[in-house]
Amino acid sequence: MTSTVTTPSRPLSAGSQRRRYRPTVLAIAGAGKPRRRRAPAAATSCSALASKQSTAAAKLPPPPAPSEEAAAGISTDYNEVAAALETLYQLSPTLVEDEQLDQSKKATKKKRKVRKKAAAKTTIPIRKVVVRSQRPRRMDLGKRVEMREAAGKEEVGAERGFEEALLREHAVSTDMGSLDWRRMKIPPVLTSAQSARLFKIVQPMKAILKVHENLQNELEREPTDVEVAQAMNMPVQRLRRCREVGRAARNKLIKHNLRLVLYAINKYYPDMTGDERFADLCQAGANGLITAIDRFDPKRGFRISTYALFWIRHSVVRAMTLSSFTRFPFAMESERQEVNRAREELSFELGRAPTDEETMKKVGLSPARYRDVVRMTRPAYSLHSRNRVTQEELINEVTDGDAIGVDTHKHNRLLRLAIDDLLDSLKPKESVVIRQRFGLDGRGRRTLSEIAGNLRISREMVRKYELKALMKLKHPTRVDYLRRYM
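Residues numbered from 1 in each chain as written. Predicted model: local features only at pLDDT ≥ 70, side-chain atom pairs only at ≥ 80, totals over all residues. Heavy atoms only, no water.

Section: the overall build of the protein
Operational definition: Secondary structure elements are defined from DSSP: runs of H or I of at least 4 residues count as helices, runs of E of at least 2 residues count as strands, and each element is numbered from the N terminus. For every residue, the accessible area obtained with a 1.4 Å probe (protein chains only) is divided by the maximum for its type, and the residue is called buried under 20%, exposed over 50%, and partly exposed between those limits. In this analysis, two residues are considered to be in contact whenever any of their non-hydrogen atoms come within 4.5 Å of each other. All accessibility values rest on the Shrake-Rupley procedure with a 1.4 Å probe; residue burial counts only the protein chains present in the view.
When helices and strands are counted, the protein shows 20 helices and 2 strands. The buried share of the protein, reckoned over its 486 residues, is 25%. Taking contacts inside the protein between residues at least 6 apart in sequence as the whole, the part at least 24 apart equals 64%. Of the roughly 36,700 Å² of accessible surface on the protein, a fraction of 53% belongs to carbon and sulfur atoms.

Okay, here's the thing in structure tokens:
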């Protein structure tokens, strides 16, 4: 029985020509054991084996030709077979692979060591410091006093700076008559903290004014600052400082809450926004705002906006009532509103117009008071209004047409000329303002804004021209001249 040994094929180098290698077969005669094969080595790179292939080809002995004795079954020399196997084992590529594995392992170990060293350099070890509970040392009394005095000086300096800024910006009060309520830019509303701080500054001024009023009633004359300071038990300079700063804080509160006036008029009286009296109503609402700020007490916990809306509405309603042609007590205006509201409710419930007795019972007024309210709230008609049927003026129905008198047309013409003479005696702009304001130019009455737009001046200048012209027209000489034609 013949056993064979097969040598694995060699991989080719990168630059060598391709050759065919045949396995070398060594015949071993008389081998009764099963043949063993060495496991083929894992494929390695050609570059790693390129240097070994030339030496392997040179050291590999040529395969011996099978002799006649081997073919005939004669036993072979085992020394030669062992030498051939040893040569094959030494030339096996597994040795190269082991060397590469060792080199790669060494390289990875070196990389890991380098990484560990770099991480150790970058990271700073954190040491846990355990502090035992020790009783803190109490600061000296002198240091504590110094710290408290320094904190007090800082607070006084900050308060002093705030007061100086307040005096610099709001020392002068806002002129409500010169405001253009439709175009002016109102500053934003203050926050609750800012309002509380300003009201805190206002309180000393209120106390000073109250003492001043009491002294005035007692002495029946205007008290001096020295007398008020003695009554308040404070220096005169401190008294004047508190009064000035309090007035500045009050001016700032008024200026920053003017937005509430427009809000109240737009919400509760939207029909009056386009009326001629819009500016007058806004000024009345500003007066209500001033009253609210003067009477507001921050200790009660209410907000200034809630408290001011009541006084603004009260002032606006009072201005709407008292600015009419026929004036009557303000209390009667509220009763008139109650009567009108009761009539509307009864007419809706009964489906007809209610009687006076039903209205009196609904409102709870006495008959005499009810008659006074109804009589005072009747609308007033002009004597020059025309009758709906005859289209004649009411004054013609009142006057006696048969009475002897002057020519009406001639009299009106002379009166018109006298008025023109009086207006021509004024300055040009004053004359134009009076003519346009009262409709003497035949184009109807115009508002201050329209006159200001025509003359290209401000509304305040128009108001000033109007006041000056009216004061001049009230002079006794001009009045006597006009009375001749009346």
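From this point, the discussion proceeds with the structure in view.
Topic: the pattern of salt bridges
Rule in force here: We define a salt bridge as a contact between a side-chain nitrogen of Lys or Arg and a carboxyl oxygen of Asp or Glu at a distance within 4 Å.
The final tally for this structure, using the stated rule, is 16 salt bridges. The closest approach of N and O atoms between Asp424 and Arg435, which form a salt bridge, is 3.2 Å. Taken together, the residues Asp424 in helix α16 (residues 408–424) and Arg435 in helix α17 (residues 428–437) connect sequence positions 11 residues apart. On the accessibility criterion, Asp424 (52% relative accessible area) is exposed. Arg435 sits in the buried class, given a relative accessible area of 18%. Arg446 is the partner of Asp441 in a salt bridge, and the nearest nitrogen-oxygen pair spans 2.2 Å. Under the relative-accessibility criterion, Asp441 is labelled partly exposed at 30%. Counted as one network, the salt bridges with shared partners bring together Arg160, Glu163, Glu164 and Arg241.

Points about the nonpolar core
The criterion, for reference: Nonpolar cores are built from buried Ala, Val, Leu, Ile, Met, Phe, Trp, Tyr and Cys residues. Side-chain atoms within 4.5 Å join them into one set.
Ranked by size, the top nonpolar core spans 41 residues in total, and within it Trp181, Leu258 and Ile312 carry the most contacts. Contributing elements (two or more residues each) for this core: α5 (141–170), α6 (192–219), α8 (236–256), α9 (259–268), α10 (278–295) and α11 (304–322). Per element, the largest residue contribution to this core is 8 residues, and it comes from α10. Not counting the four nearest positions on each side in its chain, Leu258 is found in contact with Met176, Leu179, Trp181, Met184, Ile186, Ala286 and Leu289.

A look at a positive patch on the surface
Rules: Put simply, a patch holds well-exposed residues, over 30% relative accessible area, that have no salt bridge, with like charges counted together within 9 Å and Val, Leu, Ile, Met, Phe, Trp or Tyr side chains within 5 Å. Just so you know, the count uses Lys and Arg for positive and Asp and Glu for negative, and it drops His and the chain ends. In this description, the location of a charge corresponds to atom NZ of lysine, CZ of arginine, CG of aspartate or CD of glutamate.
A surface patch of like charges, here positive, comprises Lys105, Lys106, Lys109, Lys110, Lys111, Arg112, Lys113, Arg115, Lys116 and Lys117. Looking at Lys113, the relative accessible area reads 57%, which means it is exposed.

Overview of the packing of aromatic side chains
Heads up, the rule is: Two rings from Phe, Tyr or Trp (for Trp, the six-membered ring) form a pair when their centres sit within 6.5 Å of each other. Planes less than 30 degrees apart are called stacked, planes more than 60 degrees apart edge-to-face, and all others tilted. Geometrically, a lysine NZ or arginine CZ counts as sitting over a ring once it is within 6 Å of the ring centre and also within 35 degrees of the ring normal.
One pass over the full model with this rule turns up 3 aromatic pairs. Relative to Tyr307, the ring of Phe296 lies with its centre 5.8 Å away and its plane at 55 degrees, an arrangement referred to as tilted. Of this pair, Phe296 sits in the loop between α10 and α11 while Tyr307 sits in helix α11, and the two are 11 residues apart along the sequence. Looking at Phe296, the relative accessible area reads 6%, which means it is buried. Linked through ring pairs, Phe199, Phe296 and Tyr307 together constitute an aromatic cluster. Across from the ring centre of Phe162, 3.8 Å away, lies the NZ or CZ of Arg197, which sits over that ring.

What about the side chain of His256?
With respect to the helices and strands, His256 occurs in helix α8. Relative accessible area serves as the criterion here: at 12%, His256 is assigned to the buried category. Apart from residues lying up to four places away in sequence, His256 is in contact with His170, Pro187, Pro188, Val189 and Leu190.

Notes on the environment of Arg303
Following the sequence through the fold, Arg303 ends up in the loop between α10 and α11. Along the sequence, Arg303 and Ala196 sit 107 residues apart, while their C-alpha atoms lie 9.6 Å from each other.

Details of unusual backbone geometry
Backbone geometry places Asn233, a non-glycine residue, at a positive phi of 60 degrees. You can see Asn233 is positioned in the loop between α7 (225–232) and α8. By relative accessible area, which is 72% here, Asn233 ends up exposed. Its identity is not glycine, yet Arg456 carries a phi of approximately 60 degrees, on the positive side. Arg456 sits in the exposed class, given a relative accessible area of 79%.

Regarding the packing of α17 against helix α19 (residues 459–473)
Applicable threshold: Note on method: axes are straight lines fitted to C-alpha atoms, helices fitted across the in-contact stretch only, with angles between N-to-C directions ranging 0 to 180 degrees. Throughout, the term roughly parallel applies to angles under 35 degrees, roughly antiparallel to angles over 145, roughly perpendicular to angles from 65 to 115, and oblique to all others. Gly counts as polar in this scheme, as do all residues outside two lists: the nonpolar Ala, Val, Leu, Ile, Met, Phe, Trp, Tyr, Cys and Pro, and the charged Asp, Glu, Lys and Arg.
Two numbers describe how α17 lies on α19: the axes approach to 9 Å, and their chain directions differ by 95 degrees. On the basis of the axis angle, α17 is roughly perpendicular to α19. Contact residues: Lys429, Glu430, Val433, Ile434 and Arg437 in α17; Val462, Tyr465, Glu466, Lys468, Ala469, Leu470 and Lys472 in α19. Taken together, the residues of the contact of α17 with α19 break down into 6 nonpolar, no polar and 6 charged.

Here we look at the confidence of the model for the protein
To be explicit about the condition: pLDDT is a per-residue confidence score from the predictor, ranging from 0 to 100.
On average, residues of the protein carry a pLDDT of 75, and 71% of them reach 70 or more. Scored below 50 in pLDDT, residues 1–34 makes 46 contacts in the model with residues more than four places away or belonging to other chains. Counting interchain partners and residues more than four positions distant, the pLDDT-below-50 stretch residues 39–60 has 20 contacts.

Observations concerning the packing of α7 against α8
The relative placement of two packed helices is expressed as an angle between their axes plus a distance between the axes. Their axes nearest at 9 Å, the elements α7 and α8 cross at an angle of 95 degrees. By the angle between their directions, the pair α7 and α8 is classed as roughly perpendicular. The segment α7 lies against α8, with Asp225, Val226, Val228 and Ala229 engaging Val236, Leu239, Arg240 and Arg243. A class-by-class count of the residues in the contact of α7 with α8 yields 5 nonpolar, no polar and 3 charged.

Brief notes about the environment of Arg197
Tracing the backbone shows Arg197 in helix α6. C-alpha separation for the pair Arg197 and Ala249, spaced 52 residues apart in sequence, amounts to 9.2 Å. Sequence-distant contacts of Arg197, defined by excluding residues within four places in its chain, comprise Glu159 and Phe162.

As for the side chain of Ser315
Of note, Ser315 is situated in helix α11. Owing to a relative accessible area of 16%, Ser315 belongs among the buried residues under this scheme. If we ignore the near neighbours within four places in the chain, the residues touching Ser315 are Ala284, Asn287 and Gly288.

Side note on the environment of Ser458
The residue Ser458 is located in the loop between α18 (448–455) and α19 in this model. A relative accessible area of 38% places Ser458 in the partly exposed class. For the pair Ser458 and Asp180, spaced 278 residues apart in sequence, the C-alpha to C-alpha distance is 9.0 Å.

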